Amino acid sequence: MTLHLNTQADLEEAIHALLRQDPRLKPVFGIAGMPALRRREPGYAGLAAIVCGQQLSTASAAAIWARLTAAFDPFHHEALRKARADRLGRLGLSAAKIKTLKSLAREIAAERLNLDVLANEDADAAHNTLTALHGIGPWTADVYLLFCLGHGDAWPAGDLAVQEAVKIGLGLKTRPTAKQMAPLAEPWRPMRGAAAHLWWSYYRAIKKREGVIGVKGGRQ
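Residues numbered from 1 in each chain as written. Predicted model: local features only at pLDDT ≥ 70, side-chain atom pairs only at ≥ 80, totals over all residues. Heavy atoms only, no water.

Structural notes on the packing of aromatic side chains
Line of reasoning, step 1. Enumeration according to the criterion identifies six aromatic pairs in this entry.
Line of reasoning, step 2. Summarising the aromatic geometry, the rings of Tyr44 and Phe75 are spaced 5.7 Å apart at their centres and angled 20° between planes, so their arrangement reads as stacked. Placement of the pair is Tyr44 in helix 3 (residues 43–53) and Phe75 in the loop between helix 4 (58–71) and helix 5 (77–82), with a sequence separation of 31 residues.
Line of reasoning, step 3. For Phe75, a relative accessible area of 16% corresponds to the buried category.
Line of reasoning, step 4. On the basis of an interplanar angle of 50° and a centroid distance of 5.8 Å, the ring pair of Trp188 and Trp199 is categorised as tilted. (Phe/Tyr/Trp six-rings, centres within 6.5 Å; stacked < 30°, edge-to-face > 60°. Helix = DSSP H or I, 4+ residues; strand = E, 2+ residues; numbered from the N terminus. Buried < 20%, exposed > 50% of the residue type's maximum accessible area, 1.4 Å probe, protein only.)

Considerations on the side chain of His127
Line of reasoning, step 1. Structurally, the position occupied by His127 is in helix 8 (residues 123–131).
Line of reasoning, step 2. Contacts of His127, omitting those with residues within four sequence positions, involve Pro138, Ala141, Asp142 and Leu145. (Contact = heavy atoms within 4.5 Å.)

Quick look at the environment of Arg192
Line of reasoning, step 1. Inspection of the secondary structure assignment puts Arg192 in helix 12 (residues 192–207).
Line of reasoning, step 2. Judged by relative accessible area, Arg192 falls into the buried class, the value being 4%.
Line of reasoning, step 3. Distance from Arg192 to Leu18, taken between C-alpha atoms, is 9.0 Å for residues 174 residues apart in sequence.
Line of reasoning, step 4. Once residues within four sequence positions are removed from consideration, Arg192 is found in contact with Ala123, Asp124, Gly152, Asp153, Ala154, Trp155 and Ala185.

Observations concerning the environment of Ala59
Line of reasoning, step 1. As for its placement among the helices and strands, Ala59 is situated in helix 4.
Line of reasoning, step 2. Taking the relative accessible area as the measure of exposure, Ala59 reaches 57% and is therefore exposed.
Line of reasoning, step 3. Each C-alpha atom of the pair Ala59 and Leu80 lies 23 Å from the other, and the pair is 21 residues apart in sequence.

What to know about the nonpolar core
Line of reasoning, step 1. Counting 68 residues, the largest nonpolar core has Leu68, Leu88, Leu130, Trp155, Trp188 and Trp199 as the members making the most contacts within it.
Line of reasoning, step 2. With residues near it in sequence (within four places) discarded, Leu68 still touches Cys52, Phe75, Leu80, Leu88, Leu91, Leu93 and Leu101. (Core = buried A, V, L, I, M, F, W, Y, C linked by side-chain atoms within 4.5 Å.)

Re the layout of surface pockets
Line of reasoning, step 1. Approximately 210 Å³ is the volume found for the largest pocket.
Line of reasoning, step 2. As for the largest pocket, its lining consists of 17 residues, of which Asp124, His127, Trp155, Ala157 and Arg192 are closest to the centre.
Line of reasoning, step 3. Mapped by element, the contributors of at least two residues to the lining of the largest pocket are helix 8, helix 9 (138–148) and helix 11 (178–184).
Line of reasoning, step 4. Broken down by element, the lining of the largest pocket gets its largest block of residues, four residues, from helix 8. (1 Å grid on protein atoms, 1.4 Å probe; cavity = no way out; pocket = protein on both sides within 12 Å on 5 of 7 lines; lining within 4 Å. Points joined across faces, edges and corners; volume = space filled by probe spheres on them.)

Notes on helix 1 (residues 8–21)
Line of reasoning, step 1. With 14 residues, helix 1 should reach 20 Å at 1.5 Å per residue; the first-to-last C-alpha distance of 20 Å fits that figure.
Line of reasoning, step 2. Looking at helix 1, one finds that the buried residues are Leu11, Ala14, Ile15, Ala17, Leu18 and Leu19.
Line of reasoning, step 3. Where the residues of helix 1 are buried, they touch helix 2 (25–32) and helix 12. (Expected span 1.5 Å × (residues − 1).)

Section: the confidence of the model for the protein
Line of reasoning, step 1. Taken residue by residue, the protein gives an average pLDDT of 91. The fraction at 70 or more is 95%.
Line of reasoning, step 2. For the stretch residues 214–220, pLDDT sits under 50, and the model shows 34 contacts to residues farther than four places along the chain or on other chains. (pLDDT = per-residue confidence, 0-100.)

Quick notes on the environment of Arg87
Line of reasoning, step 1. Along the chain, Arg87 turns up in helix 6 (residues 85–90).
Line of reasoning, step 2. Its relative accessible area of 36% is what places Arg87 among the partly exposed residues.
Line of reasoning, step 3. Between the alpha carbons of Arg87 and Met34 there is a distance of 44 Å; along the sequence they are 53 residues apart.
Line of reasoning, step 4. If we skip the residues at most four places from it in the chain, Arg87 touches Ala71 and Phe72.
Line of reasoning, step 5. Within polar-contact distance, the side chain of Arg87 engages the backbone oxygen of Ala71 at 3.4 Å. (Polar contact = N/O pair within 3.5 Å; in protein donor to acceptor, adjacent residues only side chain to side chain.)

Right under this line is the structure:
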């Protein structure tokens, strides 16, 4: 059964279970404290917001998203599917992002993609479903699963802040790669999503800066 992090209480319960499951996390928790649950809008709008924020500063991403949602209110995949590319470009979207948003809209319209059912799928299967879509990279997929769907076992193996936090927290000599992060997270199944929240909080505590982007997308 898939764990869902829909409330702060859900996250706190999962964190305490993780501490019992892996004692190595107790000193990490001692420094990080209880992380706060981060949730964003699910569905097409949620994924589109992450896509729009890829490789952009927070301010630039927020400005583009504000223009986009003002131009398409309500924000619906069918409206984006039919929108002219030049109109989307004038709102600040790159050609690559326009292609991604339109491709997603077509997949949803054709009922080949249902973003909401991914919340109940195995995390690795849901990740693979998303990364098979045009323009959706591993980081984008994991951020959607974690923050938009509250998937309790999604694991952002490619996130640099989580990698750095794991390196320091587990006393590793070098920062693990995305490939190396997978086996490192095995002890935290089926709560890897909760572990990610803990590692982001740990990163913030030791580096004195935010390691996860809760408003915009980020790197792919």
